[in-house]
Amino acid sequence: MRTTPFILSAAMLALLAAASTPAAADGRLTVYTYDSFTAEWGPGPAVKKAFEARCGCELDFVAVADGVALVNRLRLEGKDTQADIVLGLDTNLTFEARATGLFSPHGVSLARVAVPGGWDDDTFVPYDYGYFAVVYDSEAMATPPASLKELVEGDGDDKIVIQDPRTSTPGLGLLLWMKAVYGDEASAAWAKLKDKVLTVTPGWSEAYGLFTNGEAPMVLSYTTSPAYHEIAEGTTRYKAAAFAEGHYLQVEVAARTVKGEANPLAQDFLDFMTTPAFQDAIPEANWMFPAAATSAPLDPAFERAVRPAATLAFAPEEIAKNRQAWVREWLDVMSR
Amino acid sequence: MSGAGVRLDRVEFSYGEAAMRFDLDVAAGEIVAVMGPSGSGKSTLLNLIAGFERPSSGRVLIGGADATRLPPALRPVSMVFQENNLFAHLDVARNVGLGRSPALKLTARDRADVAAALARTGLSGKEGRLPGELSGGERQRVALSRVLVRDRPVLLLDEPFASLGPALRREMLDLLRGLQAERGMTILMVTHQPDEARALARRIAFVEDGTVAAFAPADEMFSQAGPSAFRAYIGA
Amino acid sequence: MPRDGRILAGMAGLGLIGILVGGAFAGLIHEAARDWSGAGEAFDAYLFRVARFTLWQAALSTLLSVAPAILVARALARHPAFAGRGLILKLFALPLALPAIVAAMGVLALLGRAGLFADVLGGWSGGRWPGVYGLPGILTAHVFFNLPLATRLFLQALEAVPADQWRLAAQLGMGARASFRLIEWPALRAALPGVAGLVFMLCVTSFTIVLTLGGGPGATTLEVAIYQALRFDFDPARAVALTALQVALTVAVVALLLKLGAGMAADAGLPVAPRRPAVAGGVERWVNAALILASLAFVAGPLAAVVVAGARADLARLLADPAVHRATLTSLVLAATSAFLCVALSLALAAARRAMEMKRRRDARPSFLERMLDTGAGFVLVVPPIVIGAGWFVALRGTGQLFALAPVMVVAVNAVMAMPFALRAIRPAWDAASARHERLAAQLGISGIDRLRLIDWPAVRRPALTALAFAMALSLGDLGVIALFGSDSVQTLPYLLYARMGSYRTLDAAGLALLLGVVCLGLMMLAEQGRAERGRPELRGEAR
C-alpha cells in the first residue's frame with residue numbers, strides 16, 4: 001500500500017499548485033534558460049523586448065540554475081514540457097540532449113552564424129561562444145604562464161583555483177582542455193598540476209570568489225572575464241593568460257523542442273537569435289562573444305581579449321562517450 | 001451536593017515489583033484519614049479512586065456506581081495534591097475557573113461562584129495574582145477554592161498541608177472542616193500527622209504493604225488497643 | 001484502547017515526513033526501474049573511499065565541535081550575568097543562517113592563503129602560509145557552524161536543571177569539579193547523544209564546504225556523489241542507492257551514540273527557578289571567561305570578516321534594489337512558513353511521544369513508533385534535499401503543475417529539515433510540563449485544543465520560540481531545494497547572492513551576505529523579545 005499516501009499527497013500538492021499555473025495562450029513563446037541569462041543585468045530583458053516587438057507576441061522565460069539543470073529539467077518533464085525553446089546548452093551537453101529525442105530540427109538558415117570552427121548542426125543553433133582561459137591577477141603575478149605546459153610544470157608557489165568536473169561546466173572544460181593537449185599523458189600532467197591547485201571548488205562562483213579575494217593569483221575562467229572588469233569596474237588588473245597550445249572552446253546553443261514544433265514562434269525565435277537585435281545583448285550582458293554580427297563594433301576591451309593560437313574542441317559524441325571515464329581518471333590522480 | 005460513598009472491591013494493582021490489593025468501604029459524607037509508612041501504597045489508593053491508575057482487577061464504586069473505567073475528569077471526585085495543584089502561568093481566578101470549565105469559558109454565574117469560593121477561602125482581592133506570587137498556604141487555598149466550584153461529592157487530599165507550618169496547618173484544617181460541614185462531601189486525606197488525623201477524621205485507614213491493614217475509628221486506633229504495626233508507625 | 005488525539009497528531013506529523021521522503025523515493029525508484037545497473041555499479045573502491053572520508057571528517061568535526069561546546073555551555077551557565085551574554089547567544093545562532101560559501105569565505109578571510117593571519121601563521125611555519133585547505137579547513141568551517149549550535153543546545157540542557165540542585169550545590173560547598181561531576185555532567189550526558197548526533201548528521205551532508213576547502217577531490221562526501229549522480233549523470237538508481245547508503249551509515253553511527261548516553265529524563269517537580277546563584281569563583285571565573293571569549297572570537301572572527309567584506313559593497317544601492325526587496329520578502333515568507341510548520345510538526349511529535357511514554361508500563365521498552373517519534377524522524381536530515389526535490393519532480397511530472405511545485409517543496413523540505421533542531425529545543429520542556437500538569441489536567445478534564453491553548457502552549461512557548469528562530473535561521477540560509485528547481489518563482493536572498501556571485505558581482509554578493517546576517521539577527525532579537533515579554537509569568541514558577 002505504499003502508493004496510497006503517495007497518490008494522496010500528489011493530489012494534495014497538485015491542489016496547492018493549481019492556482020498559479022500559467023495559462024497557455026496563443027501568441028506566446030516559452031523559453032527555458034539559465035538564470036544569469038534572465039537576470040536583470042543579463043541579456044534576457046533586452047532580448048524579450050526586441051523579440052516581442054518583432055513578433056507582436058509574448059515571450060516567457062523560465063530560468064533554472066545552469067545548462068546541466070536545463071537538460072535535467074527537460075528530461076524530467078519529458079514530452080509534457082512547457083518549453084518551446086531551450087536556450088543555454090553547451091557543446092558538452094548537446095549529444096546527451098539530442099539523445100533524449102525531445103528536440104526537433106531547427107530548419108533555419110545558419111548563414112549568419114560565425115563561430116570558430118564553423119557550424120552545421122541541424123538541431124542546435126549557436127548564440128554565443130567563449131574560450132576557457134586562466135585568468136590571473138596582474139598585481140600578484142607579473143609573468144603568467146605562457147602555455148598550459150608552463151602552468152603544469154611551473155612554480156608550485158603560484159596557485160590556481162579550479163572547478164570540479166563532476167559538478168561544474170568550466171571544471172569539465174579544463175578536463176577536456178588537458179585531454180586535448182596531453183592526450184594519453186593527461187594523467188601524468190594532472191599529477192604535476194595537482195601541486196599548483198589551491199583547491200577545487202564545486203562551481204565557477206566559488207572559484208572566482210576565492211580568486212578576487214586574493215586567495216590565489218590564478219583561476220580557471222574565460223578569455224572574456226577581463227573585459228567585464230575593464231568595462232564594468234574600470235580596472236585592467238585581471239588578465240587572461242594566452243596559452244601557446246590554444247584554448248578550449250565553449251559554444252552556447254539553443255534548440256526547439258518537439259513540443260515547440262507546433263508553435264511557429266519557436267522557429268522565428270531561432271532565426272531572430274542570429275540577428276543583431278539579439279546579438280547586441282550578448283557581449284556586455286552575457287560576457288561572451290556573439291555568434292553572429294552585432295549592429296555596432298564590440299567594446300575595445302573585447303578586441304583586446306586573448307585570441308587563441310588554436311581552437312581546441314572535442315566532438316560532442318566523443319565527450320559523451322568518454323566523460324565518465326575521463327572524470328574517473330582525473331579523480332584517481334587528484335585524490336592520491 | 002452531599003457526599004457519596006466510596007468502595008474499593010477487591011481492587012488489585014501492580015506497580016513494577018509491588019503487587020497491591022485494596023478493600024475499603026467509606027460511607028457517604030465521612031472523613032477518613034489514610035495513614036501508613038512511605039511507599040506503603042497510600043497515594044496509589046487515592047490515585048485508584050481518582051482514576052489516575054487503573055486496577056488490573058476489581059471494582060471502584062463511587063456513590064454505588066461502577067467508576068472503574070471512567071476517566072478522571074468524569075468521576076465525581078476532586079483531588080488536591082501536595083504541590084503542582086496550580087498552573088503557574090494562569091492567575092488565581094483562572095486556576096479556580098478551570099474547575100468549572102476546562103475551556104475557561106465562564107458565564108457570569110460561574111464568575112460569581114469563583115468569586116464566592118475565593119471569598120470563602122479568604123482569598124478575596126487576590127484574583128489576579130499568579131501562583132508564584134502567593135505563599136504556600138495561599139496556593140492550597142486556591143486549590144480548595146477550585147474544589148468548591150467543582151462541587152464533587154468526593155474529595156481526595158494527598159498530604160495537602162505537609163509543607164505548611166503548624167499554625168497555618170491548623171487554620172487550613174479548620175477551613176477544610178468548615179467546608180465539609182457546609183457541603184457534606186466524603187473526604188479521604190493522606191497524612192503522616194497524628195494530630196491532623198485526630199482533629200479531622202472519624203476513622204483511620206492504615207495502609208501497609210499495599211493493602212488496607214486496618215480500618216477503624218480514630219479513638220480506637222490511637223488507643224493502647226490499636227494495631228501494633230500502626231502503633232509502631234506513629235511511634236507510640 | 002481509546003485513541004489519544006496527541007498520538008494521532010504525532011502520527012500525522014510522521015506521516016507527512018514519510019510522504020515527503022517516501023514520495024520522493026517512490027518517484028526516483030519508479031524512474032530507476034528502467035535501468036537498475038547504476039545502483040550496483042555505484043559500489044566500488046571509489047565509493048568506499050568516499051564513504052570512509054565522509055564518516056571520518058564528520059566524526060572529527062563532531063568531536064571538535066561538541067567537546068569544546070560542553071565547556072563553553074558550562075561556562076555560560078555558571079555566569080548568568082556575564083557581560084554581553086545575551087548578545088553572544090544571539091551571535092551563536094547566526095552561522096546557521098549563512099550559506100556555506102559565505103561561511104567558507106569568512107573562515108578564509110582569516111585563515112586563508114591571503115587571510116588576515118596568513119603572515120603570522122607563515123612566520124610560524126616558516127615560509128608562505130598555504131592556507132587552511134584540506135581536512136583542517138573542513139574541520140574549522142564545520143566547527144564554526146556547529147560549536148555555537150551545540151553550545152546553545154547544551155546550555156538549554158543545563159538551564160533545565162532545577163534551581164534547587166544549584167542551591168544545594170552551593171550550600172554543600174561543591175567546587176567546580178564536584179558540581180560538574182554531580183550536577184552538570186548528568187544533564188549534559190543526557191543531552192550529549194542527541195546533540196552529537198545532530199552535529200554528526202549536519203557534517204555528513206556537508207557539500208560546499210568539503211569541496212571548497214577540501215583542496216581536491218580527495219575530500220569528497222557521499223552528498224557530492226549523490227549530487228553528481230543526479231545532476232550530471234542523471235542516474236536515479238545510483239542516487240537512490242547512495243542515499244540509502246548515507247542513511248544506513250548515519251543510522252548506525254547515531255544508534256551507537258544513543259547507546260552511549262542516557263535517555264533524556266524530565267524533572268517532574270521542575271520549578272522554573274528564579275535566577276540561580278552564580279557559583280563560580282576565583283580561578284574558575286578567569287578560566288570560564290577565557291573559554292567564553294575564545295569561543296566568541298572563533299565564531300565572531302569569520303562573522304566580522306563577513307561584515308567587513310559586506311561593508312565594502314554598495315549597500316545603499318543594494319538596499320534600494322527592488323530585486324533585493326523581493327528576495328528579502330520571499331525569504332522571510334518562506335522561512336516563516338517553514339518555521340511555523342516545523343514547530344507545529346515538532347509539537348505534534350513531542351506530544352505524541354510523551355503520550356505514548358505515559359501509556360506504556362514504566363519498565364516496558366519504547367515501541368518502534370515511539371522511537372520513530374523521538375530520534376527516528378531526525379534521520380530525515382541526511383536525505384539530501386536534491387533527492388527529495390528530484391523525486392517529487394519525477395513523481396509529479398505529467399500533472400503540469402511543476403511550476404508551482406518549487407515553493408511548496410522549499411517550505412516542506414525546510415520545515416522537515418529544521419525539525420530535529422526544533423524537537424531538541426521543545427521536547428524537554430514539553431515533557432517537564434507534562435509531568436507537572438498531567439494529573440491536574442486529567443482531573444479537570446482539560447483536553448484537546450483547550451489543553452493546548454491553556455496549559456501546554458504557555459509552558460512551551462519559550463522553547464517553541466527558540467525553535468522557531470532556529471528553524472527560520474536554517475531556512476533563511478538554505479539553498480538546497482531551490483538550487484535544483486532554480487525556479488524564478490522562488491528567488492530568495494541566498495539564491496540572489498549566488499546569482500550575483502555567478503556573474504562577477506562578488507561585492508554585491510558580500511553585501512547580500514551581510515544583509516542576510518542582519519535579517520537573521522533581527523529575527524533572533526524578535527524571538528528573544530517574544531520570550532522575554534510574554535514568557536515572564538512562567539519565570540516565577542510555582543516555587544516550593
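Here's what I pulled together on the structure shown here.

### Section: the overall build of chain C
Link 1 in the chain: The helix and strand tally for chain C stands at 23 helices and 0 strands.
Link 2 in the chain: When each of the 544 residues of chain C is scored for burial, the buried share is 61%.
Link 3 in the chain: In chain C, the share of contacts with a sequence separation of at least 24, taken over all contacts with a separation of at least 6, comes to 83%.
Link 4 in the chain: Carbon and sulfur atoms provide 67% of the accessible area of chain C, an area that totals close to 20300 Å².

### Describing the overall build of chain A
Link 1 in the chain: Each helix and strand counted, chain A has 15 helices and 12 strands in total.
Link 2 in the chain: For a compact globule of 336 residues, the expected C-alpha radius of gyration is about 20 Å, and chain A comes in at 21 Å, within 12% of that figure.
Link 3 in the chain: Along the three orthogonal principal directions, the C-alpha set of chain A runs to about 60 × 60 × 35 Å.
Link 4 in the chain: For chain A, with 336 residues in total, the buried portion stands at 58%.
Link 5 in the chain: Within chain A, contacts between residues separated by at least 24 positions form 77% of all contacts whose residues are at least 6 apart in sequence.
Link 6 in the chain: In chain A, 27 side chains carry a positive charge and 44 a negative one; their mean positions are 4 Å apart.

### Observations concerning the state of the cysteines
Residue and element names in this part refer to chain A.
Link 1 in the chain: Under the defined criterion, the tally for this structure stands at 1 disulfide over all chains.
Link 2 in the chain: The disulfide partner of Cys55 is Cys57, and the S-S distance across this bridge is 1.9 Å. Torsion about the S-S bond of the Cys55 and Cys57 cystine: about -75°, corresponding to left-handed handedness.
Link 3 in the chain: Cys57 sits in the buried class, given a relative accessible area of 11%.

### A few points about the pairing of strand β6 (residues 160-163) of chain A
Residues and elements named next belong to chain A.
Link 1 in the chain: Burial along β6 is two-sided: Ile160 and Ile162 and Val161 and Gln163, pointing in opposite directions, are all buried.
Link 2 in the chain: With 2 bridges joining them, β6 and strand β8 (residues 218-222) adopt parallel strand pairing. Opposite Ile160, over in β8, you have Met218 as the bridge partner.

### Remarks on the environment of B:Ala225
Link 1 in the chain: Here B:Ala225 shows up in the loop between α7 (218-222) and α8 (228-234).
Link 2 in the chain: Residues B:Ala225 and B:Val80, 145 residues apart in the sequence, show an inter-C-alpha distance of 32 Å.

### Focus: the environment of C:Gly23
Link 1 in the chain: The residue C:Gly23 is located in helix α1 (residues 5-32) in this model.
Link 2 in the chain: Linking C:Gly23 and C:Leu497, residues 474 residues apart in sequence, is a C-alpha distance of 31 Å.

### Looking at the interface of chain C and chain A
Interface size, as often reported, equals the accessible area lost upon joining of the parts.
Link 1 in the chain: In this assembly, 65 residues from chain C lie in contact with 73 residues from chain A.
Link 2 in the chain: Of the roughly 5900 Å² buried between chain C and chain A, counting both surfaces, carbon and sulfur atoms make up 60%.
Link 3 in the chain: Summed over the shared surface of chain C and chain A, the result is 2 salt bridges.
Link 4 in the chain: The closest approach of N and O atoms between A:Asp332 and C:Arg49, which form a salt bridge, is 3.8 Å.
Link 5 in the chain: At the junction of chain C with chain A, the criterion picks out 13 residue pairs in polar contact (both at pLDDT 80 or more).
Link 6 in the chain: Residue composition of the side of chain C that touches chain A, by class: 36 nonpolar, 19 polar and 10 charged.

### Here's the deal with the pairing of strand β3 (residues 31-35) of chain B
Where a strand is regular, its side chains alternate between the two sheet faces.
Residue and element names in this part refer to chain B.
Link 1 in the chain: By the criterion of burial, β3 is predominantly enclosed, with 5 of the 5 residues buried.
Link 2 in the chain: By the alternation rule, side chains of β3 split into Ile31, Ala33 and Met35 and Val32 and Val34, which are all buried.
Link 3 in the chain: Across 4 bridges, β3 lies against strand β8 (residues 186-190) in parallel orientation. In the strand pairing of β8, Val34 is matched with Val190.
Link 4 in the chain: In this structure, β3 lies alongside strand β9 (residues 203-208), joined through 4 bridges in parallel fashion. Its bridge partner being in β9, Ala33 is matched across the sheet by Ile204.

### Quick word on a nonpolar patch on the surface
Residues and elements named next belong to chain C.
Link 1 in the chain: On the surface, Leu116, Phe117, Val120 and Trp124 cluster together into a nonpolar patch covering about 490 Å² of accessible area.
Link 2 in the chain: By the secondary structure assignment, Trp124 is in helix α6 (residues 118-125).
Link 3 in the chain: Given the relative accessible area of 71%, Trp124 is considered exposed.

### Description of the sheet that holds strand β4 (residues 57-62) of chain B
All names here are of chain B.
Link 1 in the chain: Here we have 4 strands laid out as an open sheet, ordered β2-β1-β4-β5, and antiparallel in their pairing. Across the chains shown, the open sheet's two edge strands, defined by having one partner strand only, are β2 (18-26) and β5 (65-66).
Link 2 in the chain: Note: strand β1 (residues 6-15) against β2, 8 bridges, orientation antiparallel. In the sheet register, Phe13 faces β2, and the bridge partner there is Met20.

### A closer look at the pattern of salt bridges
All names here are of chain A.
Link 1 in the chain: One pass over the structure, following the stated rule, counts 54 salt bridges over all chains.
Link 2 in the chain: Here Asp137 makes a salt bridge to Arg237, at a shortest N to O gap of 2.8 Å. Of this pair, Asp137 sits in strand β5 (residues 125-137) while Arg237 sits in the loop between α10 (225-233) and β9 (238-241), and the two are 100 residues apart along the sequence.
Link 3 in the chain: Classification of Asp137 by relative accessible area gives buried; the value is 5%.

### Some remarks on the sheet that holds β3(B)
Residue and element names in this part refer to chain B.
Link 1 in the chain: The mixed open sheet is built from 6 strands, whose spatial order is β6-β7-β8-β3-β9-β10. Edge positions in the sheet fall to β6 (77-80) and β10 (211-217), since each has one partner strand and no second. Looking at each pair of strands side by side, their axes are set apart by 20° on average, direction ignored.
Link 2 in the chain: The pairing of strand β7 (residues 154-158) with β8 spans 5 bridges and is classified as parallel. Paired with Leu157 across the two strands is Met189, which belongs to β8.
Link 3 in the chain: On top of the sheet, helix α1 (residues 42-50) reaches β3, β6, β7, β8 and β9; it is set at about 150° to β7, its chief contact.
Link 4 in the chain: The sheet contacts of helix α5 (residues 166-183) involve β3, β7 and β8, and relative to β8 the element is tilted by about 160°.

### Here we look at unusual backbone geometry
Residues and elements named next belong to chain A.
Link 1 in the chain: Phi angles above zero are rare outside glycine, and Trp287 is one such case at about 55°.
Link 2 in the chain: Assignment of secondary structure puts Trp287 in the loop between α13 (283-286) and β11 (289-290).
Link 3 in the chain: Judged by its relative accessible area of 8%, Trp287 is buried.

### As for the nonpolar core
Link 1 in the chain: In terms of nonpolar packing, the biggest core is built from 274 residues, with A:Leu87, A:Trp190, A:Phe269, A:Phe278, C:Phe154 and C:Ile388 touching the most fellow members.
Link 2 in the chain: Aside from chain neighbours lying at most four places away, what touches C:Phe154 is C:Val66, C:Ala69, C:Ile70, C:Ala73, C:Leu188, C:Ala191, C:Leu192 and C:Val195.

### Regarding α1(B)
Link 1 in the chain: Counting buried residues along α1(B), 8 of its 9 residues qualify, which places the element largely inside the surrounding structure.
Link 2 in the chain: Every buried residue of α1(B) is accounted for by B:Lys42, B:Thr44, B:Leu45, B:Leu46, B:Asn47, B:Leu48, B:Ile49 and B:Ala50.

Conventions adopted
- Residues numbered from 1 in each chain as written.
- Chains lettered and ligands numbered in written order.
- Predicted model: local features only at pLDDT ≥ 70, side-chain atom pairs only at ≥ 80, totals over all residues.
- Heavy atoms only, no water.
- Helix = DSSP H or I, 4+ residues; strand = E, 2+ residues; numbered from the N terminus.
- Buried < 20%, exposed > 50% of the residue type's maximum accessible area, 1.4 Å probe, protein only.
- Contact = heavy atoms within 4.5 Å.
- Areas by Shrake-Rupley, 256 points an atom, 1.4 Å probe, with all protein chains shown as cover.
- Rg over C-alpha atoms; globule rule 2.2 N^0.38 Å.
- Lys, Arg positive; Asp, Glu negative; His and termini not counted.
- Charge placed at Lys NZ, Arg CZ, Asp CG, Glu CD.
- Disulfide = S-S within 2.5 Å.
- Pairing = 2+ DSSP bridges.
- Buried area = accessible area lost by both parts, 1.4 Å probe.
- Salt bridge = Lys/Arg side-chain N within 4 Å of Asp/Glu carboxyl O.
- Polar contact = N/O pair within 3.5 Å; in protein donor to acceptor, adjacent residues only side chain to side chain.
- Nonpolar A, V, L, I, M, F, W, Y, C, P; charged D, E, K, R; others polar.
- Patch = residues over 30% accessible without salt bridge, like charges linked within 9 Å, V, L, I, M, F, W, Y side chains within 5 Å.
- Axes fitted to C-alpha atoms, helices over the stretch in contact; angles between N-to-C directions.
- Core = buried A, V, L, I, M, F, W, Y, C linked by side-chain atoms within 4.5 Å.

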